[in-house]
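# Coordinate analysis (summary)
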Amino acid sequence: MSSTTAAAAAAAKDPASMTAIEATVTAPVNIAVIKYWGKRDEKLILPTNSSLSATLSQDILHSKTTGRADAAWSTPADAAAAARGDGVLPTDALWLNGHPEPISESKRLANVVTALRAQRRALEAADASLPKISTWPLRLVSENNFPTAAGLASSASGFAALVAVLAHVYGLPAASEPESGAGRALLSSLARLGSGSACRSLYGGFVSWEMGSAADGSDSVAVQVAPASHWPEIEALVLVVHDGKKGVSSTSGMQTTVDTSTLAAHRFATVVPERMAAMKAAIHARDFDAFAELTMKDSNQFHAVCLDTFPPIFYLNDVSRAIIQLVNDYNATPAPGYAGKYKVAYTYDAGPNAVLYLPRQFVPEVLLWLNHYLPRTAGVTALDYFADPYTILDNYPAPRPVAAAIQTRVPVQPEGGVKRILHARIGDGPRLLHRGVPGTSNASLMNSYKA
């Protein structure tokens, strides 16, 4: 029997003998259709308005995180910090996409780790037989399978994965509860301490983040509006226009908006409450026309608020604006046998990348005219540009020719305006890939960690 197998057997027989524990999870991206932009409390990350998003399939877009707590890593400084009840131990470490991210130097990372460690300490205080995992140093390794900080909600999936993996490492009861349980609401509120929109990535389907009114943030929580199974016909195309870091971060941008935009104040007080109610009704009724119009109007107003900020914030570029016009022209072009007003809806977060929500029947047609008007860079293979995870030719309706599908005056754009296109369905919340003794799972990212 190998040492790893023996350790696993011993831990299963006597949990108190455990000296190390590891877990790996994935967590999804969510893309808002009613935007969150502004905080009324920076420390607790309490929003100025409620918001609503769709969770995209993590088969396509996800953050993957492995966490390990190991008694063997403890130093005298760690032991002293644990004895004081510090939330972050001196040798706790995080690697993100191959680069070290000091936990103690990031308030948000430190707040999340502190909150999850406190949950474990409470369990250990209530049951002396439990191994003192809260006193063991942590190593966390996280990777995104999409561009980080490019307006694709990497902080949301990243902090959702961090909370989920620590909940499993620490054996919190909330980790094993279903999405409808109170434990999931707890984890969602803890994810909010890292990134506001991360609270929505703890759920699948369509999710609202209710802004709440309590000063302590106790009622500022995410709530599932409908599971992914409620409206499986809706899918998303993510158009990656820029895969580098954006010029103005969301954190600094939204605070400047709150401080300087008069349009934002009207949005917070009047527009968003009305749109939240209307969007929930549209989702429950599976009314794509209402969903699409609200989505596009809210995206437009979000970017209008950014322009009303002083100095103004410009997240969209010429390619982004061309996509908006193409979507409008496509919606205005009749489709035989289709009675709806809209066939596709665009939305943009804090970046130039477009997310298109659409009924699955129009996916092949939209991809066809996107490829025509926004051609890929010469030398980029079709598979690199669009991976086709759902085998469209075999499983979706055949598209009309471009000339019949869209009547537009938008010229064919220069090559490479869109770097790649991702196709995702609406998906579930975080997934546990493994929990157990280190060295027993191929899913672990820990081998990529370098001390």
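Cut-off values and rules
- Residues numbered from 1 in each chain as written.
- Predicted model: local features only at pLDDT ≥ 70, side-chain atom pairs only at ≥ 80, totals over all residues.
- Heavy atoms only, no water.
- Helix = DSSP H or I, 4+ residues; strand = E, 2+ residues; numbered from the N terminus.
- Buried < 20%, exposed > 50% of the residue type's maximum accessible area, 1.4 Å probe, protein only.
- Pairing = 2+ DSSP bridges.
- Axes fitted to C-alpha atoms, helices over the stretch in contact; angles between N-to-C directions.
- Contact = heavy atoms within 4.5 Å.
- Core = buried A, V, L, I, M, F, W, Y, C linked by side-chain atoms within 4.5 Å.
- Salt bridge = Lys/Arg side-chain N within 4 Å of Asp/Glu carboxyl O.
- Phe/Tyr/Trp six-rings, centres within 6.5 Å; stacked < 30°, edge-to-face > 60°.
- Lys NZ or Arg CZ within 6 Å of the ring centre and 35° of its normal.

### What to know about the environment of Ala350
When you line up the elements, Ala350 lands in the loop between β13 (345-348) and β14 (354-359). Taking relative accessible area as the criterion, Ala350 reaches 6% and is therefore assigned buried. Linking Ala350 and Phe314, residues 36 residues apart in sequence, is a C-alpha distance of 8.9 Å.

### Some details on the sheet that holds β14
Across a sheet, paired strands are connected by hydrogen bonds in the backbone, their directions being either parallel or antiparallel. Reading across from one edge, β13-β14-β12-β15 is the order of the four strands in this open sheet, with antiparallel pairing throughout. Every interior strand has two partners, whereas the edge strands, β13 and β15 (420-425), have only one. Within this sheet the neighbouring strands show an average axis-to-axis angle of 25°, counted without direction. Alignment of β13 against β14, held across four bridges, turns out to be antiparallel. Paired with Ala345 across the bridge in β14 is Tyr357. Packed onto the sheet, helix α8 (residues 288-308) meets β12 (234-240), β13 and β14 and runs at close to 30° relative to β13. Packed onto the sheet, helix α10 (residues 363-373) meets β12, β14 and β15 and runs at close to 15° relative to β12.

### Regarding the nonpolar core
Ranked by size, the top nonpolar core spans 70 residues in total, and within it Leu237, Phe291, Ile323, Leu356, Tyr357 and Trp369 carry the most contacts. Non-local contacts of Leu237, meaning those with residues more than four positions away in its chain, are made with Ala354, Val355, Leu356, Leu358, Val363, Val366, Leu367, Leu370, Ile421, Leu422 and His423.

### Observations concerning the pattern of salt bridges
Evaluation of the coordinates by the stated rule reveals 19 salt bridges. Lys39 serves as the salt-bridge partner of Glu42, at 3.7 Å between the closest nitrogen and oxygen. Here Asp298 ties to Arg275 by a salt bridge, and the two come within 3.0 Å at their closest N and O atoms. Taken together, the residues span a long stretch of sequence, with Asp298 in helix α8 and Arg275 in helix α7 (residues 262-285) at a distance of 23 residues. One salt-bridge network, held together by shared partners, links Lys39, Glu42 and Arg108.

### Concerning the packing of aromatic side chains
Within a pair of aromatic rings, the relevant descriptors are the distance that separates the centres and the angle that separates the planes. Overall, the coordinates contain 11 aromatic pairs when judged by the stated rule. Considering the side-chain rings of Tyr36 and Trp209, the 4.7 Å spacing of their centres and the 65° angle between planes classify their relative orientation as edge-to-face. Remark: Trp209 occurs in strand β10 (residues 206-209) and Tyr36 occurs in the loop between β2 (30-34) and β3 (39-41); sequence separation between them is 173 residues. For the pair Tyr36 and Trp209, a shared accessibility class is recorded, and that class is buried. Connected via pairs of aromatic rings, a cluster forms that spans Phe206, Trp231, Phe288, Phe291 and Tyr357. Here the basic side chain of Arg139 rests over the ring of Trp73, its NZ or CZ set 4.4 Å away from the ring centre. Looking at Arg360, its charged tip hangs above the ring of Tyr396, at a distance of 4.0 Å from the centre.

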